[in-house]
Amino acid sequence: MSLAMSDLAMLVLQIPPFLSPKIAGRWLGGFYLCQISGYSVAFLASVSLQTMALMALDRHFRIAHPLRHRTLFNMKRTKVMTVASWMFSSTVQLPYVANGGIYTFHSGKCICFVDSSPLAIIGISYIVIPSFIVHHFYLKVYLALRARKRRVENLQSQDSHTHMMTTQEIKLTKTIMVTVLAYAICWAPVMITDLVDQIRGGWALPRGVYVMYTICGIASSCINPVIYGIMNKSFRREYIRLLR
């Protein structure tokens, strides 16, 4: 639910500012809307990444340490961790704004962006650590799934309900892993572009790179329902019901 909310908010807050300059050829929202738009991009992107990190931890404990999972990821604690991730992410650009930084319309990206990127300062807390958590624990999940697969095959002759629940957990975990992989594919060009800009000290790349930059960021908010529909029969049935 947290991931869906951050994706929806990203689309609602960024699609109108992204389309209006395409039509008019200039920023139409004024100074304050530019500041709100610029702040929300980093905030919501950070929320998605922090949520992915929590999902990675959840899947790791559910697959590798199911008894501890019941204690650590009960409903109350999960809600607290989710709210905490939103509160933490809301401070992603706070040092930049507190130091008098403002957001300027970037004609290539068609979004409002920082004048001088503070990625080197905020990157460790908001990008590097969550990314490490995601990759590290999903690697452990992958290895645990390989071992679990052999055990699942032996459950055929045991209780069918236990086998069904184990299979469902594995399918759910695989779906989440694909979601994380798609998220990483979408955001890798974004992070690389920002890193190149910071190293070169300005917006010196071709305009087409920046247009693709924004498209990749928006795609990360649209791709999850597609993945769920492909990999989950329940989602497919509900999509068909809604579309009809």
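Before any of the text, the structure's been laid out above.
Residues numbered from 1 in each chain as written. Predicted model: local features only at pLDDT ≥ 70, side-chain atom pairs only at ≥ 80, totals over all residues. Heavy atoms only, no water.

Caption draft 1: View of the side chain of Asp-7. Of note, Asp-7 is situated in helix H1 (residues 2-24). The side chain of Asp-7 sits in the buried core without any salt bridge; Arg-59 is the nearest counter-charge, 17 Å away. Within the local environment of Asp-7, its side chain forms a polar contact with the side chain of Asn-224, the two groups lying 3.0 Å apart. Excluding its chain neighbours within four sequence positions, the residues that come into contact with Asp-7 are Ser-48, Ser-220, Ser-221 and Asn-224. (Helix = DSSP H or I, 4+ residues; strand = E, 2+ residues; numbered from the N terminus. Buried < 20%, exposed > 50% of the residue type's maximum accessible area, 1.4 Å probe, protein only. Lys, Arg positive; Asp, Glu negative; His and termini not counted. Salt bridge = Lys/Arg side-chain N within 4 Å of Asp/Glu carboxyl O. Polar contact = N/O pair within 3.5 Å; in protein donor to acceptor, adjacent residues only side chain to side chain. Contact = heavy atoms within 4.5 Å.)

Caption draft 2: Spotlight on unusual backbone geometry. A positive phi is found at Cys-110, a non-glycine position, where the angle reads about 60°. Relative to the helices and strands, Cys-110 is located in the loop between strand E1 (103-106) and strand E2 (111-114).

Caption draft 3: Inspection of the pattern of salt bridges at higher detail. The tally for this structure, following the rule as stated, stands at three salt bridges. Note that Lys-109 and Asp-194 form a salt bridge whose closest N and O atoms lie 3.2 Å from each other. Here Lys-109, found in the loop between E1 and E2, pairs with Asp-194, found in helix H7 (residues 160-200); they are 85 residues apart in sequence, far enough to count as distant. Assessed through its relative accessible area of 9%, Asp-194 is described here as buried. Two residues, Glu-238 and Arg-241, come together in a salt bridge whose shortest N-O distance is 2.6 Å. Of the two residues, Glu-238 and Arg-241 are both situated in helix H9 (residues 233-243); the distance of three residues between them amounts to about one turn of the helix. Judged by relative accessible area, which is 35%, Glu-238 ranks as partly exposed. Since its relative accessible area comes to 54%, Arg-241 is described here as exposed.

Caption draft 4: The packing of aromatic side chains, seen in detail. This structure, assessed with the given rule, holds nine aromatic pairs. When the ring of Phe-61 is compared with that of Phe-73, the centres are 6.2 Å apart and the planes differ by 45°; the resulting orientation is tilted. Within this pair, whereas Phe-61 is found in helix H2 (residues 30-64), its partner Phe-73 is found in the loop between helix H3 (66-72) and helix H4 (75-89), the two being separated by 12 residues in sequence. Both residues of the pair, Phe-61 and Phe-73, count as buried. Ring geometry for Tyr-183 against Trp-187: centres 6.1 Å apart, planes inclined by 40°, an arrangement best described as tilted. Here Tyr-183 and its partner Trp-187 are both found in helix H7, four residues apart, which amounts to about one turn of the helix. A relative accessible area of 8% means that Tyr-183 is categorised as buried. For Trp-187, a relative accessible area of 11% translates into the label buried. Among the aromatic residues, ring-to-ring pairing joins Tyr-228, Phe-235 and Tyr-239 into one connected group. Directly above the aromatic system of Phe-113 lies the positively charged group of Lys-109, at a separation of 3.5 Å from the ring centroid. The aromatic ring of Tyr-213 is capped on one face by Lys-109, whose charged end is 4.1 Å from the ring centroid. (Phe/Tyr/Trp six-rings, centres within 6.5 Å; stacked < 30°, edge-to-face > 60°. Lys NZ or Arg CZ within 6 Å of the ring centre and 35° of its normal.)

Caption draft 5: Representation of the pairing of E2 within the structure. Here E1 pairs with E2 via four bridges, running antiparallel. The partner of Thr-104 across the bridge, within E2, is Phe-113. The turn linking E1 back onto E2 is made up of four residues, and Cys-110 within it adopts a positive phi angle of 60°. (Pairing = 2+ DSSP bridges.)

Caption draft 6: Local environment of a nonpolar patch on the surface. There is a patch of nonpolar side chains on the surface, built from Val-178, Val-226, Ile-230 and Met-231 and spanning about 340 Å² of accessible area. Per element, the largest residue contribution to the nonpolar patch is three residues, and it comes from helix H8 (residues 207-231). The residue Val-226 is located in helix H8 in this model. (Patch = residues over 30% accessible without salt bridge, like charges linked within 9 Å, V, L, I, M, F, W, Y side chains within 5 Å. Areas by Shrake-Rupley, 256 points an atom, 1.4 Å probe, with all protein chains shown as cover.)

Caption draft 7: Focus on the state of the cysteines. Using the criterion set out here, one finds one disulfide in the structure. Each disulfide pairs two cysteine sulfurs, and for Cys-34 the partner residue is Cys-112, the sulfurs being separated by 2.0 Å. For the disulfide bridge between Cys-34 and Cys-112, the dihedral angle about the S-S bond is near -125°, and by the sign convention the bridge is left-handed. With Cys-34 in helix H2 and Cys-112 in strand E2, this pair connects stretches of sequence that are 78 residues apart. Given a relative accessible area of 1%, Cys-112 falls into the buried group. Free cysteine: Cys-186, not disulfide-bonded; nearest cysteine sulfur from Cys-216 at 6.3 Å. Left without a disulfide partner, Cys-222 is nearest to the cysteine sulfur of Cys-186, which lies 8.8 Å away. Cys-222 sits in the partly exposed class, given a relative accessible area of 36%. (Disulfide = S-S within 2.5 Å.)

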